[in-house]
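Coordinate inspection notes
Below, each chain spelled out in residue letters.
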Amino acid sequence: MPIQLVTPPTEEPVSLLEAKLHLRVDFDEDDMLIASLITAARQAAETLTGRQFTTARWRQVLDCFPGPSLMGVPAGQAFTLPGHAILLAKAPVQSVVSINYLDMGSVNQTMPALTYTVDAACEPARITPVFGQIWPICLPQIGAVSVTFDAGYGTASQVPEGIKSWIKLRVGSLYAHREEVAALSRGRIEPLPFIDGLLDPYKVVTV
């Protein structure tokens, strides 16, 4: 599902100072390199988990509103993913900024916030019309619907430590082995099997 980064995060989950302490680097010549490795490691972790770590704004693009025109949720089921729900591709969602669509006259329209509800506690977050409302009729054209939303834990201090630990370990590997292939005279490199498991509790599972 197409998703576009509208406003990138203004800080990394792991600071340059934290990374240098982990690397035991006490000089400044490699600061730009280490900073770029932090960004690369963070982007890799966000891809693996389906999450946004520090606050950023995203836009998710759809061809149409999902599901049948008759809205509702199954009675007696404590939790469902109804067919008319929009599922947002990044977590955790802080807020939905706007839902826009092209009407049948190709005019861009913004849905009133009171006509839809957002369940940000669910991961992925769900959006449906409120009871008594339906999704509006949009132009039958690709990219006719877009949802703009803010996602992330907040500031760097709010990012879970397990994620930060993985980023620091990945930065250490990238810093020590700066080429595509690493060769050691004493034998081959063996990855530590528990490392990626640090991210397991934070992976967003979709069905």
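Going by the structure above, here's the rest.
In short, a report on the structure. Because the structure is predicted, anything quoted here is derived from the model rather than measured. (Residues numbered from 1 in each chain as written. Predicted model: local features only at pLDDT ≥ 70, side-chain atom pairs only at ≥ 80, totals over all residues. Heavy atoms only, no water.)

**Focus: the overall build of the protein chain**
When helices and strands are tallied, the protein chain shows 3 helices and 8 strands. Its helices and strands in sequence order give the protein chain the pattern β-α-α-β-β-β-β-β-β-β-α, from N to C terminus. In the protein chain, which comprises 207 residues, the proportion classed as buried is 39%. Contacts in the protein chain between residues at least 24 apart in sequence constitute 77% of all its contacts with a sequence separation of at least 6. Summing over all exposed atoms, the protein chain offers an accessible surface of approximately 12200 Å²; the carbon and sulfur share of this is 58%. (Helix = DSSP H or I, 4+ residues; strand = E, 2+ residues; numbered from the N terminus. Buried < 20%, exposed > 50% of the residue type's maximum accessible area, 1.4 Å probe, protein only. Contact = heavy atoms within 4.5 Å. Areas by Shrake-Rupley, 256 points an atom, 1.4 Å probe, with all protein chains shown as cover.)

**Here's the deal with the pattern of salt bridges**
In the structure shown here, the tally under the stated rule is 9 salt bridges. For Asp28, the salt bridge is made with Lys20, and the minimal N-O distance between the two is 3.0 Å. With relative accessibility at 55%, the residue Asp28 sits in the exposed group. Residue Lys20 is classed as buried on the basis of its relative accessible area of 11%. Lys164 is the partner of Glu161 in a salt bridge, and the nearest nitrogen-oxygen pair spans 3.7 Å. (Salt bridge = Lys/Arg side-chain N within 4 Å of Asp/Glu carboxyl O.)

**Observations concerning the sheet that holds strand β2 (residues 56-62)**
The sheet built from 5 strands is open, its strands ordered β1-β2-β8-β4-β5 with antiparallel pairing. Two strands lie at the open edges of the sheet, namely β1 (3-7) and β5 (108-110), each paired on one side alone. On average, each strand axis in the sheet is tilted by 25° relative to the strand beside it, whichever way the strands run. Relative to strand β8 (residues 145-151), strand β4 (residues 93-102) runs antiparallel, the two sharing 7 bridges. Among the inter-strand pairings, Tyr101 is bridged to a residue of β8, identified as Val145. (Pairing = 2+ DSSP bridges. Axes fitted to C-alpha atoms, helices over the stretch in contact; angles between N-to-C directions.)

**Concerning the nonpolar core**
Phe65, Leu88, Ile99 and Ile127 are the most contacted members of the largest nonpolar core, which has 21 residues in total. Discounting residues that sit within four places of it in the chain, Leu88 has contacts with Gln60, Val93, Val96, Pro124, Ala125, Ile127, Val147 and Phe149. In this structure, Ile38, Trp166, Val171 and Ile195 belong to the second largest nonpolar core, which totals 19 residues. (Core = buried A, V, L, I, M, F, W, Y, C linked by side-chain atoms within 4.5 Å.)

**So, the pairing of β4**
With 7 of 10 residues buried, β4 is to be regarded as a mostly interior element. Inspection of the sheet shows β4 paired to β5 by 3 bridges, in the antiparallel sense. Looking across to β5, one finds that Tyr101 is bridged to Gln109. What sits between β4 and β5 in their antiparallel hairpin is a turn of 5 residues, with Ser106 showing a positive phi close to 65°.

**Remarks on the side chain of Arg126**
Relative to the assigned elements, Arg126 resides in strand β7 (residues 126-129). Discounting residues that sit within four places of it in the chain, Arg126 has contacts with Phe79, Thr80, Leu81, Pro82, Ile86, Leu87, Thr117, Val118 and Asp119.

**Quick notes on unusual backbone geometry**
Looking along the chain, the bond that leaves Ala91 and enters Pro92 is cis, with omega of -10°. When you line up the elements, Pro92 lands in the loop between β3 (86-87) and β4. At the junction of Glu123 and Pro124, the peptide bond is cis and its omega measures out at 0° in the coordinates. Structurally, Pro124 is set in the loop between β6 (116-119) and β7. Look at Ser106: it is not a glycine, yet its phi comes out positive at around 65°. Here Ser106 lies in the loop between β4 and β5. Since its relative accessible area comes to 47%, Ser106 is described here as partly exposed.

Purely geometric numbers; function is a separate question.
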